[in-house]
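Next come the chains, spelled out residue by residue.
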Amino acid sequence: MTAPLFSLAGRRVFVAGHRGMVGAALLRRLADESCQLLTVGREALDLRRQAETEAWFEAQRPEVVILAAARVGGILANDSRPAEFLYDNLAIETNVIEAARRVGVAKLLLLGSSCIYPRLAEQPMAESALLGGPLEPTNQWYAVAKIAGIKLCQAYRRQHGADFIAAMPTNLYGPGDNFDLESSHVIPALMRKLHDAKRGGQATVEVWGSGAPRREFLHVDDCADALVHLLCHYSGEAHVNVGSGKDLTIAELAALIAEVVAFEGALAYDPGKPDGAPRKLLDVGALTTLGWQPRIDLRDGLRQTYDWFVANQAEARLAAS
Ligand code: GDP
């Protein structure tokens, strides 16, 4: 592997959004680096408020920022709360990026997701597919905000010489995920539904859509490791995809989760619920070239996530605010 471009040693590193699934995984991963971690709860700092955000940066003077704070959610949440998905994400990004520039942050990493790409982008989706066609309507609000985030990083690089980069992870899963059925993504939703059905002796579990869409998944600990790798080994205008490079159908995924949960009943597909994009698989060539590979296989990751869910159900079942 090439020598790092940037070192985290001794740096004040602010993880914005540390209570989220990715933020928490970043804290676990960064505990292995000799850096000083900075975090702040939503009750103490609302990143949607510019003056508050700038005052916090002035006082805390972070040197590295990982922007993992975002309004996130699954297909239904995105589709039903468009204003929140667009406004909250735009406000968080503009406030954090400008505050970071003002205090001279040495490196900033913005997180987005693979839904920035056009609905019918050629698969696997390379970074160059951005803005090549219309977005998937169900998550366009989040996508537009995250595309603006990528452009903000590029603009600040060009105008201010700031080392701000952007990473676009694929669908993530793992401990600390949102298990609320209305707002969650497919893995925690199916895990919870299948677990409850098994416990309740229910014969059938409903799976949304046709089961035909294809999705790629990455364990959040792999994602956190990839993000630290990018901070240390990448500096450039182009955003970088973060994924496993492998996808499967929702029907295959549902069967795999049923196996992990040991649910022996039937799966019933509900075509009344949206399928979303037909396929989402990232081209991870750029990340591979930078020397990073995932380590956690989907089946193992699902087992570990299910164990976490079973051990932390009270917390896991609460709806994310
Ligand atoms: P997306 O990747 O943005 O479409 O987000 P999701 O993870 O919410 O959905 C992925 C796919 O899983 C879609 O085709 C959903 O219709 C399907 N799916 C099947 N059952 C469920 C479920 O119970 N919850 C969610 N969120 N998606 C489901």
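A brief report on the enclosed structure follows.

Conventions and cut-offs
Residues numbered from 1 in each chain as written. Predicted model: local features only at pLDDT ≥ 70, side-chain atom pairs only at ≥ 80, totals over all residues. Heavy atoms only, no water. Salt bridge = Lys/Arg side-chain N within 4 Å of Asp/Glu carboxyl O. Helix = DSSP H or I, 4+ residues; strand = E, 2+ residues; numbered from the N terminus. Buried < 20%, exposed > 50% of the residue type's maximum accessible area, 1.4 Å probe, protein only. Core = buried A, V, L, I, M, F, W, Y, C linked by side-chain atoms within 4.5 Å. Contact = heavy atoms within 4.5 Å. Near = heavy atom within 4 Å. Polar contact = N/O pair within 3.5 Å; in protein donor to acceptor, adjacent residues only side chain to side chain. Areas by Shrake-Rupley, 256 points an atom, 1.4 Å probe, with all protein chains shown as cover. Nonpolar A, V, L, I, M, F, W, Y, C, P; charged D, E, K, R; others polar. Axes fitted to C-alpha atoms, helices over the stretch in contact; angles between N-to-C directions. Parallel < 35°, antiparallel > 145°, perpendicular 65-115°, else oblique. Left-handed = near helix turned anticlockwise from the far one by under 90°. Pairing = 2+ DSSP bridges. Phe/Tyr/Trp six-rings, centres within 6.5 Å; stacked < 30°, edge-to-face > 60°.

1. A look at the pattern of salt bridges
Right, so step 1: Tallied over the full model, the rule gives 26 salt bridges.
Right, so step 2: A salt bridge links R158 to E237, with the shortest nitrogen-to-oxygen separation between them at 2.5 Å. Taken as a pair, R158 in helix α5 (residues 140-160) and E237 in the loop between α7 (220-233) and β9 (240-242) lie far apart in primary sequence, 79 residues in all.
Right, so step 3: Of the residues examined, R158 reaches a relative accessible area of 65% and is grouped as exposed.

2. Regarding the nonpolar core
Right, so step 1: Formed by 36 residues in total, the largest nonpolar core has its most connected members in F57, L108 and F164.
Right, so step 2: Contributions of two or more residues to this core are made by β1 (12-16), α2 (50-60), β3 (64-67), α4 (82-102), β4 (107-111), α5 and β5 (164-169).
Right, so step 3: Element by element, the count of residues in this core is highest for α4, at 5 residues.
Right, so step 4: Formed by 33 residues, the second largest nonpolar core is a distinct cluster that contains M21, V22, C223 and L287.

3. Focus on the side chain of R192
Right, so step 1: Relative to the helices and strands, R192 is located in helix α6 (residues 186-200).
Right, so step 2: Relative accessible area serves as the criterion here: at 14%, R192 is assigned to the buried category.
Right, so step 3: In this structure R192 touches F179, D180, L181, F309 and R317, once residues within four positions along its chain are discounted.

4. Quick notes on the site of the ligand
Right, so step 1: Around the ligand lies a shell of 18 residues, among which K193, W208, R215, P274 and D275 are the nearest.
Right, so step 2: Between the ligand and the protein, one listed contact pairs an oxygen atom with a side-chain N or O atom of N171 at 3.2 Å.
Right, so step 3: Here V186 contributes a backbone N or O atom positioned 2.9 Å from an oxygen atom of the ligand.
Right, so step 4: Relative to its free-state accessible area of 530 Å², the ligand is covered by the protein chains to the extent of 97%.
Right, so step 5: Within the residue set of the shell around the ligand, elements represented by two or more residues are α6 and β7 (204-208).
Right, so step 6: Broken down by element, the shell around the ligand gets its largest block of residues, 4 residues, from α6.
Right, so step 7: Of the residues belonging to the shell around the ligand, the class tally is 9 nonpolar, 5 polar and 4 charged.

5. As for the packing of α6 against helix α10 (residues 298-311)
Helix packing for two helices is described by the angle between their axes and how far apart those axes are.
Right, so step 1: Running from N to C, α6 and α10 cross one another at 60°; their axes reach a closest spacing of 11 Å. It follows that α6 is oblique to α10 by the angle criterion. The handedness of the crossing between α6 and α10 is right-handed. Contact residues: I187, M191, R192, H195 and K198 in α6; L302, T305, Y306, F309 and V310 in α10.
Right, so step 2: In terms of residue class, the contact of α6 with α10 is made up of 6 nonpolar, 2 polar and 2 charged.

6. Notes on the side chain of D46
Right, so step 1: By the element assignment, D46 lies in the loop between β2 (36-38) and α2.
Right, so step 2: Take D46: its relative accessible area is 16%, and that puts it in the buried class.
Right, so step 3: A distance of 2.9 Å separates a polar side-chain atom of D46 from the backbone nitrogen of R48.
Right, so step 4: Those residues in contact with D46 that sit more than four places away from it in its chain are E52 and T53.

7. A closer look at the sheet that holds β4
Right, so step 1: What the 6 strands build is an open sheet, ordered β2-β1-β3-β4-β5-β9; its pairing is parallel. Here the strands that pair on one side only, and so sit at the sheet edges, are β2 and β9. Strand-to-strand, the axes of this sheet are offset by a mean angle of 20°, without reference to chain direction.
Right, so step 2: As paired strands, β1 and β3 are joined by 4 bridges and run parallel to one another. When the sheet's bridge partners are listed, A16 is paired in β3 with L67.
Right, so step 3: α4 contacts β3, β4 and β5 of the sheet and is inclined by roughly 175° relative to β4.
Right, so step 4: The strands that α5 touches are β4 and β5; relative to β5, the one it contacts most, it runs at about 155°.

8. Some words on the packing of aromatic side chains
Right, so step 1: Within the structure shown, the criterion is met by 6 aromatic pairs.
Right, so step 2: Relative to F57, the ring of F14 lies with its centre 5.7 Å away and its plane at 80°, an arrangement referred to as edge-to-face. One end of the pair, F14, is in strand β1; the other, F57, is in helix α2, and 43 residues separate them in sequence. Both residues of the pair, F14 and F57, count as buried.
Right, so step 3: Grouping aromatic residues by their ring pairs yields a cluster made of F14, W56 and F57.

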